[in-house]
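# Analysis of the macromolecular model
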Amino acid sequence: MSYPGKLGLIQRVLPSYRVPFFDALAAACVGGLSLFAGLPREDETIAPGRLQVARQAPARNLHFGSPSSSLYFCYQRGLLEWLAGWDLEANFRYLSTPAGVRWMHARRRPVLGWGLGAPAGRGPLTALRRSFLLQFDALIAYSARGADQYAACGFPADRILVARNAVAPAPVHLLPARPGHFDPRPVVLFVGRLQPRKRLPALFAACAGLPEPLKPRLVVVGDGPELDRLRTQAASVYPATEFVGAKHGAQLDPFFRAADLFVLPGTGGLAVQEAMSFGLPVIVAQGDGTQDDLVRPENGWQVPPDDDAALAAALRQALSDVARLRTMGAESYRIVAEEINLGKMVDVFTLAIQRAGASLEA
């Protein structure tokens, strides 16, 4: 599916993990794609990406507060000048949004919103959020839960589409073959930024509490501000933990292939889909709804956030039945191959753009 026009898309920042999606979306836009994005704050630990197919236009970000706070705001300078060269806008989220929306609508050009959803709230912010959402001609949600939240805010359900969050294409490799037994013991894999919200200490404790035959090699892939502290804690709590440093792209492949189970005990975790593409069952903490579509009883476990007992129970259950674990891994592979991948996400975006354009022409 392709879009015949030009697409302009706004991001606060361009993280490296989003580059494959934006480049794939650019390839589907006959007139090209321009991404307007600024730089993160120095304390955000976000690795900026570099586009190969899409064009990148620099925004001048003015940050107000901490990005981790619910009171954070960002104003992006240079927005209207950039818009003047493009025909469509696909993601307004910050203080410069109203001016951009008015500029686009004055020229009868559609505006799409894109986000995680809008959790229920109370007070004046609820009315403000509803007014903000109603500016858009269509909304794209990362998940079915996010789409329901937008509808609950009063946005017309027939103008909401779900583009399930993806960071990897459908696998071109075959489902990795794994034996019907652990060789010689299970391998549990974590991939991510080493920071407090990833809750790795809970994973160390969960592994340490397993019966001896189930205790795994715990392989931690990643780097971050918590590395030294986590090394010290792992040496005390679960010495069978291996820290292998940060790996990216094809460097990750051998770790995914060697693992039996993928675990993300804290928030975030875009590596889940990539792990699933290598036929891994997964354990994740419940979060913003993007996990709901990826992780199902057929291929993994969602545990309540900050619930160490639930994490330990899921880990024990996962490693207690090798045959079931292999079946669940095959289902992970099927979900990513057939339902949730970059190609499917791009298709939904192009469909949303086409529908929004048609609604203005009608």
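All values reported here derive from a predicted model rather than from experimental measurement.

Within the protein chain one finds 13 helices and 14 strands. Counting only C-alpha atoms, the protein chain reaches 70 × 40 × 40 Å along its principal axes. Going through the 362 residues of the protein chain one by one, you find that 51% of them count as buried. Summed over all atoms, the accessible surface of the protein chain reaches about 16400 Å², with 55% contributed by carbon and sulfur. Distance from the positive charge centre (38 side chains) to the negative charge centre (32 side chains) of the protein chain: 4 Å.

So, about helix 11 (residues 308-319). The end-to-end C-alpha distance of helix 11 is 17 Å, a good match for the 16 Å that 12 residues give at a rise of 1.5 Å each. Looking at helix 11, one finds that the buried residues are L311, A314, L315, A318 and L319. Within helix 11, the buried residues cover an arc of 120° as seen down the axis, which keeps them to one side. Turning to helix 11, the residues buried within the fold contact strand 9 (187-191), helix 6 (200-208), strand 12 (261-264), strand 13 (282-285), strand 14 (300-303) and helix 12 (322-338). Where helix 11 begins, the capping side chain belongs to D307, and its oxygen is found 3.3 Å from the backbone nitrogen of A309.

The next thing to look at is the pairing of strand 2 (residues 33-38). Where burial is concerned, most of strand 2 is hidden: six out of the six residues are buried. With burial as the criterion, each face of strand 2 is covered, one bearing L33, L35 and A37 and the other bearing S34, F36 and G38. Both strand 1 (residues 7-13) and strand 2 contribute to a ladder of five bridges, which runs parallel. When the sheet's bridge partners are listed, L9 is paired in strand 2 with L35. The β-α-β motif built from strand 1, the intervening helix 1 (residues 19-27) and the parallel element strand 2 has right-handed crossover chirality. Strand direction decides the pairing type here: strand 2 and strand 3 (residues 55-58), joined by four bridges, are parallel.

Moving on, we get to the pattern of salt bridges. Scanning all chains against the criterion turns up 12 salt bridges. R164 is the partner of E339 in a salt bridge, and the nearest nitrogen-oxygen pair spans 3.7 Å. Of this pair, E339 sits in the loop between helix 12 and helix 13 (342-361) while R164 sits in the loop between strand 8 (160-162) and strand 9, placing them 175 residues apart in sequence. In this structure E339 comes out as partly exposed when scored by relative accessible area, which is 24%. What emerges from the salt-bridge pattern is a single network uniting R164, D293, R296, E331, R334, E338 and E339.

This brings us to the confidence of the model for the protein chain. Mean pLDDT for the protein chain: 87, with 91% of residues reaching 70 or above. Within the protein chain, the lowest mean pLDDT, 75, falls on helix 4 (residues 124-133), and the highest, 98, falls on helix 6. Contacts from residues 88-93, a stretch scored under 50 in pLDDT, to residues over four places away or in other chains number 39 contacts.

Before going further, it helps to spend a moment on the packing of helix 6 against helix 7 (residues 227-237). Interhelical geometry of helix 6 versus helix 7 gives an angle of 15° and a closest axis separation of 10 Å. By the criterion of interaxial angle, the relationship of helix 6 to helix 7 is roughly parallel. Every pair of crossing elements has a handedness; the one defined by helix 6 and helix 7 is right-handed. Side by side, helix 6 and helix 7 meet where L200, P201, F204, A205 and A208 of the first sit next to R229, L230, Q233, A234 and V237 of the second. Of the residues contributing to the contact of helix 6 with helix 7, the split by class is eight nonpolar, one polar and one charged.

Here is what the cut-offs are and how they apply
Residues numbered from 1 in each chain as written. Predicted model: local features only at pLDDT ≥ 70, side-chain atom pairs only at ≥ 80, totals over all residues. Heavy atoms only, no water. Helix = DSSP H or I, 4+ residues; strand = E, 2+ residues; numbered from the N terminus. Buried < 20%, exposed > 50% of the residue type's maximum accessible area, 1.4 Å probe, protein only. Areas by Shrake-Rupley, 256 points an atom, 1.4 Å probe, with all protein chains shown as cover. Lys, Arg positive; Asp, Glu negative; His and termini not counted. Charge placed at Lys NZ, Arg CZ, Asp CG, Glu CD. Expected span 1.5 Å × (residues − 1). Arc of directions from axis to C-beta. Contact = heavy atoms within 4.5 Å. Polar contact = N/O pair within 3.5 Å; in protein donor to acceptor, adjacent residues only side chain to side chain. Pairing = 2+ DSSP bridges. Right-handed = clockwise from strand over helix to strand, strands pointing away. Salt bridge = Lys/Arg side-chain N within 4 Å of Asp/Glu carboxyl O. pLDDT = per-residue confidence, 0-100. Axes fitted to C-alpha atoms, helices over the stretch in contact; angles between N-to-C directions. Parallel < 35°, antiparallel > 145°, perpendicular 65-115°, else oblique. Left-handed = near helix turned anticlockwise from the far one by under 90°. Nonpolar A, V, L, I, M, F, W, Y, C, P; charged D, E, K, R; others polar.

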